[in-house]
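Residues per chain are reported as follows:
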Amino acid sequence: SNHTHRTENGYPLNIEVTTVRCDESSPVDKEFLLNLLPKVNYAALRSAVQQLNPHCDPSLPEIPEELDVSDEDGNRNLDDALIANLHRVMFDIYLVEGWLVCPDTGRKFPVKDCIPNMILHEDEI
């Protein structure tokens with residue numbers, strides 16, 4: 001069978017920005033964020049923030065280079081400023097138009113009106 005389009009190194013996808021929407025800071029729901037954090041691939045989140053930041057004015061808040069978010073109890077010790085910054089980058093920034101790009105194959109998935117189209121073409125299945 002044809003495995004030419006399958007990839008082991010296709011994550012996280014890179015972001016090519018046409019349009020980003022940076023909303024005003026929404027109210028921080030600390031409990032919701034703390035419940036969600038252990039499910040987040042932090043390296044992928046940080047990569048996304050770095051790719052989106054040049055298109056945001058004002059700039060996105062700094063988040064640490066590395067952060068172990070897998071420890072639910074440890075996350076309870078994160079300070080409120082960091083919680084607010086994580087909330088901002090996770091919930092207030094939208095890729096409106098652009099592309100998600102496989103870092104391995106270069107395959108581009110279009111994003112339109114904030115919705116990515118990840119459907120493969122006939123010859124890629």
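The present account deals with the structure reproduced in this document.

Definitions and cut-offs
Residues numbered from 1 in each chain as written. Predicted model: local features only at pLDDT ≥ 70, side-chain atom pairs only at ≥ 80, totals over all residues. Heavy atoms only, no water. Salt bridge = Lys/Arg side-chain N within 4 Å of Asp/Glu carboxyl O. Buried < 20%, exposed > 50% of the residue type's maximum accessible area, 1.4 Å probe, protein only. Helix = DSSP H or I, 4+ residues; strand = E, 2+ residues; numbered from the N terminus. Contact = heavy atoms within 4.5 Å. Polar contact = N/O pair within 3.5 Å; in protein donor to acceptor, adjacent residues only side chain to side chain. Pairing = 2+ DSSP bridges. Axes fitted to C-alpha atoms, helices over the stretch in contact; angles between N-to-C directions.

## Notes on the pattern of salt bridges
Summed over all chains, the structure comprises six salt bridges. Notably, a salt bridge pairs D23 with R21, separated by 2.8 Å at the nearest N-O pair. You can call R21 partly exposed: its relative accessible area is 37%.

## Let's talk about helix α2 (residues 42-52)
Counting buried positions along α2 gives nine out of 11 residues, so the element sits mostly inside the fold. Looking at α2, one finds that the buried residues are Y42, A44, L45, R46, S47, A48, V49, Q51 and L52. Tucked inside the fold, the buried residues of α2 contact β1 (14-22), α4 (80-91) and β2 (93-101). Taking the backbone nitrogen of A43 as reference, a side-chain oxygen 3.2 Å away marks N41 as the first, capping residue of α2.

## A look at the side chain of N75
Looking at the secondary structure, you find N75 in helix α3 (residues 72-75). Here the side chain of N75 touches V69 through a polar contact of 2.9 Å, landing on its backbone oxygen. Contact partners of N75, with chain neighbours within four places excluded, come to L34, L37, P38, D68 and V69.

## Section: the sheet that holds β2
The strand order across the open sheet built from four strands is β1-β2-β3-β4, with neighbouring strands paired in antiparallel fashion. A single partner strand is all that each edge strand has here, and the edge strands are β1 and β4 (115-116). Here eight bridges tie β1 to β2, and the two strands are oriented antiparallel to one another. What sits directly across from C22, in β2, is I93. Sheet contacts for α2: β1 and β2; angle to β1, the most-contacted strand, approximately 65°.

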